[in-house]
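Breakdown of the fold
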Amino acid sequence: MNIDLPATPQKAESLEYTPSVLVALASYGTAQDHYLERVIAEYRKLKMRTRVLVLSDKDKPVRDAEVVAGLPSRDPHSLPFAHRRVFAENAQEYDLFIYAEDDTLLTERHVDAFLSTQAKLEADEILGFVRSETSPEGQKYITSIHHHFRWRPETVVERHDDLFAQLTNLHSGCFMVTRRQLLQAIASGGFLVEPHAERYGMLEAAATDLFTQCGLRRMVCVSRIDDFIVPHLPNKYYANMGIPIEDLQFQAKVLCNRYRTRTWNGALFNVESSAPDFRWSKVLYEPDPELLGEIPSSIKSVLSVGCGSGVDEIRLSRLGVNVCAVPLDGVFGAKLRRDGIRTVEGPIDRAIADLNGERFDAVMLADVLHLVEDPSAWLRKLRLALLPGALLIASVANTCEPASWIRDCLSGRNRPLVPTFQTSGLQAVSVKRLRRWFREAAYDIQRIVPVMEGSRILLRKIGLKALEPALATRFIVKARTA
């Protein structure tokens, strides 16, 4: 067991010294107390001097743990931030600090794996976990990987025969830090802060500030990924988000293989925006029925650019379309090839060159243009992959949509109505800008379709179609080479 030992020489040299751990569990109300009881029971199995604190909005009876009642602010979502003060007040008293939600199950195996593996990392690197859920049929899903979250292949490093990489999702409902790391976080000025919400919501920010504003990096051990999967006991998200555990294991294997073979480890572009709640980031794991619905049945060949998991590409292939994909990165590329989709890997100029002059009936761009620095330049490059008069179909987020701006302002997340790429990683999108991008790249726009969702669909029924371009959540653009 490796751990930062106390600075006191007498204790550090004593053979009888037992490392100590302080556990803080966020537990709002009583609805999840049955999970809490199971979670505490696991901590009582640790072969360490262990103190368990339950952070609650109000006092309640809890077996084998102390209760610290009270919210850091009036917002009930602020409860997870209560661990900050507790950890700071006890920073010199314990060797290991664990924060977790009351339904995230950390066991002695997880603690032992952390202690033995954390010692291999650099001073500013913290070993992280991914969270899992299990269906009634026994299928395990990794819910930490969904929406736009992905591995960053360029971050893979080797530390003492193990490989580590960064996952863009910094939240797993828990974290562990040694005393040295906690003191480093406190000294950064980003740890003892007021409860807040930015890209992550308040519940998640409480567990991710270590990595977003304390100068520490979260690393996941991909060469031993199974040791760092923690169960989320309610099993309530797997049906709507997450990937099967077999896909996680496949991704980890790909990361390791590509690192050892020195294969391209970049990304086609950055899919993650800096907007609140990661709004307008590219969705990587779900189908895009609006975009697919605009592809004519006469299309025989498609080049799909910026692919994620390949849901749409597989569907097109099954319909008999000749599909070639330019994957977002090498991890997605390996999955696409595993699923029978031909690929040419990036960067974009190299991918087009590797086509060796092959041209297609259509190019499909799913949520790409608002996330690249020069949309017109991308459109010009893709002309090289299109037959004369061929079709380019793109979905583009409406990043200037006022309704989301109003919601952000009301929740205290102030941001400009019109984003700038330099500060947010987002292009300002409007019908006028879309027309300019395509005109500059020598395309003739055939149609721009405002995509309406939820209650906004009522605008069509009550005759207010003129408002659709402003209130649409995204646009589908169909254009042909001029």
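To keep things clear, this report deals only with the structure shown in the data block. Bear in mind the structure is a predicted one, so any value in this text is a computation, not a measurement.

Strands sit in the order 3-2-1-4-10 across an open sheet of five strands; the sheet is mixed. The sheet is open, and its two borders are formed by strand 3 (66-69) and strand 10 (174-178), each paired with just one other strand. Pairs of neighbouring strands in the sheet enclose a mean axial angle of 20 degrees, with direction left out of account. One ladder, built from five bridges, connects strand 4 (residues 96-101) with strand 10; its direction is antiparallel. Within strand 10, the residue paired with A100 across the bridge is C174. Docked against the sheet, helix 5 (residues 179-188) engages strand 4 and strand 10, running at close to 100 degrees with respect to strand 10.

On to the side chain of H146. Along the chain, the position of H146 falls in the loop between strand 7 (140-142) and strand 8 (151-159). By relative accessible area, which is 16% here, H146 ends up buried.

As a further point, take the state of the cysteines. What the rule picks out here adds up to zero disulfides. Just so you know, C221 is unpaired, no disulfide at all, and the nearest cysteine sulfur is the one on C256, 8.0 Å from it. The class of C256 is buried, set by a relative accessible area of 6%.

The biggest cluster of nonpolar side chains holds 70 residues, and the ones touching the most others in it are W151, V305, L365 and L392. Of all the elements, helix 7 (residues 245-261) adds the most residues to this core, at seven residues. Aside from chain neighbours lying at most four places away, what touches L365 is L291, V305, L379, L382, L392, I393, A394 and S395.

Where two aromatic rings form a pair, the distance of their centres and the angle of their planes describe that pair. Considering all chains together, one arrives at 11 aromatic pairs under this definition. Summarising the aromatic geometry, the rings of F149 and F278 are spaced 5.5 Å apart at their centres and angled 75 degrees between planes, so their arrangement reads as edge-to-face. Placement of F149 in the loop between strand 7 and strand 8 and of F278 in the loop between helix 7 and helix 8 (289-292) is noted, with a sequence separation of 129 residues between them. The interplanar angle of 75 degrees and the centroid separation of 5.8 Å between the aromatic rings of F438 and Y443 together place this pair among those described as edge-to-face. Side by side, F438 and Y443 carry an identical accessibility label, which is buried. Ring pairing ties together the aromatic residues F87, Y94, F97, Y99 and F175, which thus form one cluster. A cation sits over an aromatic face here: R279 above W280, 5.6 Å from the ring centre.

Our focus in this paragraph is unusual backbone geometry. The omega angle of the peptide bond from G346 to P347 is 5 degrees, so this bond is cis rather than trans. Tracing the sequence through the fold places P347 in the loop between strand 16 (342-343) and helix 11 (348-354). Look at N235: it is not a glycine, yet its phi comes out positive at around 50 degrees. Looking at where N235 falls in the secondary structure, it is placed in the loop between strand 12 (229-231) and strand 13 (243-244). Judged by its relative accessible area of 29%, N235 falls in the partly exposed class. One non-glycine residue with positive phi stands out, namely D277, at about 60 degrees. Tracing the chain through its elements places D277 in the loop between helix 7 and helix 8.

What follows concerns the pattern of salt bridges. Across all of its chains, the model carries 35 salt bridges by this definition. Among the ionic pairs, E122 bridges to R159, the shortest N-O distance being 3.7 Å. Of this pair, E122 sits in the loop between helix 4 (108-118) and strand 5 (125-127) while R159 sits in strand 8, and the two are 37 residues apart along the sequence. Residue E122 is classed as partly exposed on the basis of its relative accessible area, which comes to 40%. Overall, R159 belongs to the buried group, its relative accessible area being 17%. When the shortest N-O distance is used, the salt bridge between E125 and R217 registers 3.0 Å. Highlighted residues: E125 in strand 5 and R217 in strand 11 (residues 217-221), separated in sequence by 92 residues. Among the residues examined, R217 registers a relative accessible area of 34% and is labelled partly exposed. The network of salt bridges with common partners includes R109, K120, D162, R224 and D227.

The rules we used
Residues numbered from 1 in each chain as written. Predicted model: local features only at pLDDT ≥ 70, side-chain atom pairs only at ≥ 80, totals over all residues. Heavy atoms only, no water. Pairing = 2+ DSSP bridges. Helix = DSSP H or I, 4+ residues; strand = E, 2+ residues; numbered from the N terminus. Axes fitted to C-alpha atoms, helices over the stretch in contact; angles between N-to-C directions. Contact = heavy atoms within 4.5 Å. Buried < 20%, exposed > 50% of the residue type's maximum accessible area, 1.4 Å probe, protein only. Disulfide = S-S within 2.5 Å. Core = buried A, V, L, I, M, F, W, Y, C linked by side-chain atoms within 4.5 Å. Phe/Tyr/Trp six-rings, centres within 6.5 Å; stacked < 30°, edge-to-face > 60°. Lys NZ or Arg CZ within 6 Å of the ring centre and 35° of its normal. Salt bridge = Lys/Arg side-chain N within 4 Å of Asp/Glu carboxyl O.

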